[in-house]
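Given next are the chains, with one letter for each unit.
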Amino acid sequence: MLAVLERRRRDPVVMPALRENNIIGVLENVISGRRRRFYGRNLVTNDGDQYYAEAITASGTILTVAGMNLGSSAVAPAKGDLNVGSIIANGSVAIDSGYPRANDADADNTGAGVKVVTWRSTFGTGIANASGIQEVAVCDTLGTGAGQNSVSRGTLASFTKTSSDTLKLFVNHSVNGI
């Protein structure tokens, strides 16, 4: 289940993160200050499994993460996904400085924890202005390209981002030892 929660005040919604809601998007209108939150679910891909295994053992990694790509496909994520299903024009940005990190202290990330790896990207007012945004991939290539790999792909509640909005997007991966 995907959920869209809206707030009339600038205060963030503080709620316990549900395991299935491990994508958190915070859309803020820079004119009014209105903030809306979007939640969704992501899946670590086959390449993501290998990425984490190689990173833990310091044996090199199959990919170097470049950033996040946004898309408009509602198709559920699958282990073999390499990118978003239908990329949004101008809908790619680098991972924010200092990320990925464990136990993220950003108050907007209600899915953070000591056993959670957080990736965060911030999409400014001139980036990814489109309707029907409902998927994200953490990838080694921004945009589209041959030979692409992704650490994860997920879907979230469809939303519209305008040139008056910024979007802060968290993708959380729980490390549960299973």
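What counts, and at which threshold
Residues numbered from 1 in each chain as written. Predicted model: local features only at pLDDT ≥ 70, side-chain atom pairs only at ≥ 80, totals over all residues. Heavy atoms only, no water. Helix = DSSP H or I, 4+ residues; strand = E, 2+ residues; numbered from the N terminus. Buried < 20%, exposed > 50% of the residue type's maximum accessible area, 1.4 Å probe, protein only. Contact = heavy atoms within 4.5 Å. Areas by Shrake-Rupley, 256 points an atom, 1.4 Å probe, with all protein chains shown as cover. Polar contact = N/O pair within 3.5 Å; in protein donor to acceptor, adjacent residues only side chain to side chain. pLDDT = per-residue confidence, 0-100. Phe/Tyr/Trp six-rings, centres within 6.5 Å; stacked < 30°, edge-to-face > 60°. Lys NZ or Arg CZ within 6 Å of the ring centre and 35° of its normal. Core = buried A, V, L, I, M, F, W, Y, C linked by side-chain atoms within 4.5 Å. Pairing = 2+ DSSP bridges.

A separate point is the overall build of the protein. Secondary structure summary: the protein contains one helix and ten strands in total. For the protein, with 178 residues in total, the buried portion stands at 50%. Restricting the contact set of the protein to residue pairs at least 6 apart, pairs at least 24 apart contribute 73%. By element, 53% of the accessible surface of the protein is carried by carbon and sulfur atoms, the whole surface being about 8500 Å².

Examined against the element boundaries, Gln148 turns out to sit in the loop between strand E8 (130-139) and strand E9 (150-161). For Gln148, the side chain forms a polar contact with the main-chain oxygen of Thr141, separated by 2.9 Å. Side-chain polar atoms of Gln148 contact the backbone oxygen of Gly143, separated by 2.9 Å. Ignoring anything within four residues of it in the chain, the contact list for Gln148 reads Asn69, Leu82, Asn83, Cys139, Asp140, Thr141 and Gly143.

Residues at a pLDDT of 70 or more form 86% of the protein, whose mean pLDDT is 86. Here residues 1-19 is modelled with pLDDT under 50, and outside its nearest four sequence neighbours on either side it reaches 38 contacts, counting other chains as well.

Turning our attention to the packing of aromatic side chains. One pass over the full model with this rule turns up three aromatic pairs. The interplanar angle of 75° and the centroid separation of 5.4 Å between the aromatic rings of Tyr51 and Tyr52 together place this pair among those described as edge-to-face. Of the two residues, Tyr51 and Tyr52, both sit in the buried class. By the ring-pair criterion, three or more aromatic residues cluster together here, those being Tyr51, Tyr52 and Trp119. For the cation-ring pair, Arg101 lies above Tyr99, with the distance from its terminal atom to the ring centre recorded as 4.1 Å.

Time to look at the nonpolar core. General note: in soluble globular proteins, nonpolar side chains tend to be found buried as a group. Val65, Met68, Leu70, Trp119, Phe123, Val136 and Leu169 are the most contacted members of the largest nonpolar core, which has 29 residues in total. Among all residues touching Leu70, those that are not within four sequence positions of it are Val84, Ser86, Ile87, Ile88, Gly91, Phe123, Ala128, Ile133, Glu135, Val136, Leu167 and Leu169.

Here the focus is the pairing of strand E2 (residues 23-29). In terms of residue burial, E2 counts as a mostly covered element, since seven of its seven residues are buried. Where burial is concerned, the two faces of E2 agree: the one with Ile23, Gly25, Leu27 and Asn29 and the one with Ile24, Val26 and Glu28 are both buried. As paired elements, E2 and strand E3 (residues 35-44) share six bridges and run antiparallel to each other. Following the sheet pairing, Glu28 is matched in E3 by Arg35. Between the antiparallel neighbours E2 and E3 lie five residues, among them Gly33 with a positive phi of about 80°. Judged from the seven bridges that link them, E2 and strand E10 (residues 165-174) form a sheet pairing that is antiparallel. Residue pairing in the sheet places Ile23 in a bridge with Val171 of E10.

Glancing now at the environment of Lys115. Mapped onto the elements, Lys115 comes out in the loop between strand E6 (101-102) and strand E7 (116-123). A relative accessible area of 60% means that Lys115 is categorised as exposed. Taking the C-alpha atoms as reference points, Lys115 and His173, separated by 58 residues in sequence, lie 8.4 Å from one another.

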